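Structural characterization, general
Each chain, letter by letter, is given below.
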Amino acid sequence: MLRLAARLSALVLSALASGAATTRAPAQQGARFRCSAPQTHCRAMRVAWTFLRPDNTEVAHEMDFHELAPDGRIRRVTVFFGAPPVVTP
């Protein structure tokens, strides 16, 4: 499972970079991503990532949840933008 997670980390980062480069910031020359190592559990995976401007200021910090198919491919992605909701007592 760890080897799968490492492969998926590279694939997710590549997909984020190519997708966001065309949909989120076409004018952001030199913009880049930082991506966490994926965490997997059963057939689920989550990845946190940060989109950075060329001056390293943060544009967005987000988390994606992935449903994995039985063969290990990503079946579905759910993206949460922004900070998580606040927990109230």
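Please read all numbers here as calculations on a predicted model, not as lab measurements.

Procedures and definitions
- Residues numbered from 1 in each chain as written.
- Predicted model: local features only at pLDDT ≥ 70, side-chain atom pairs only at ≥ 80, totals over all residues.
- Heavy atoms only, no water.
- Salt bridge = Lys/Arg side-chain N within 4 Å of Asp/Glu carboxyl O.
- Buried < 20%, exposed > 50% of the residue type's maximum accessible area, 1.4 Å probe, protein only.
- Helix = DSSP H or I, 4+ residues; strand = E, 2+ residues; numbered from the N terminus.
- Contact = heavy atoms within 4.5 Å.
- Pairing = 2+ DSSP bridges.
- Phe/Tyr/Trp six-rings, centres within 6.5 Å; stacked < 30°, edge-to-face > 60°.

Under the definition given, this model contains three salt bridges. Where Glu 67 meets Arg 76, a salt bridge forms, and the shortest distance between an N and an O atom there is 2.8 Å. Put simply, Arg 73 and Asp 71 hold a salt bridge, and the shortest N to O gap is 2.7 Å. Across the pair, exposure class does not vary: Arg 73 and Asp 71 are exposed alike.

Quick look at the environment of Arg 34 now. Take Arg 34: it is sitting in strand β1 (residues 32-35). Taking relative accessible area as the criterion, Arg 34 reaches 48% and is therefore assigned partly exposed. Along the primary structure Arg 34 and Leu 52 are separated by 18 residues, whereas in three dimensions their C-alpha atoms are 7.7 Å apart. Sequence-distant contacts of Arg 34, that is, excluding residues within four places in its chain, are made with Ala 48, Trp 49, Thr 50 and Leu 52.

Within the secondary structure, Pro 84 sits in the segment after β5 (74-81). Considered as a pair, Pro 84 and Glu 62 are 22 residues apart in the sequence and their alpha carbons are 9.1 Å apart.

This part is about the environment of Thr 50. Its location among the elements puts Thr 50 in strand β3 (residues 44-52). Judged by its relative accessible area of 6%, Thr 50 falls in the buried class. Along the primary structure Thr 50 and Arg 34 are separated by 16 residues, whereas in three dimensions their C-alpha atoms are 5.2 Å apart. Thr 50 has contacts with Arg 32, Phe 33, Arg 34, Glu 58, Ala 60 and His 61, leaving out every residue within four places of it along the chain.

Attention now goes to the pairing of β5. Note: strand β4 (residues 58-68) against β5, seven bridges, orientation antiparallel. In the strand pairing of β5, His 66 is matched with Val 77. The antiparallel pairing of β4 with β5 creates a hairpin that spans five residues between the two strands, and Gly 72 there sits at a positive phi of about 95 degrees.

To continue, consider the packing of aromatic side chains. Two measures describe an aromatic ring pair: the distance that separates the ring centres and the angle between the ring planes. Evaluation of the coordinates by the stated rule reveals three aromatic pairs. Ring geometry for Phe 65 against Phe 80: centres 5.6 Å apart, planes inclined by 90 degrees, an arrangement best described as edge-to-face. Taken together, the positions of Phe 65 in strand β4 and Phe 80 in strand β5 put the pair 15 residues apart, joining distant regions of the chain. Since its relative accessible area comes to 34%, Phe 65 is described here as partly exposed. Put simply, the rings of Phe 33, Trp 49 and Phe 51 pair up and form one aromatic cluster.

By themselves, these are just geometric observations and shouldn't be taken as functional.
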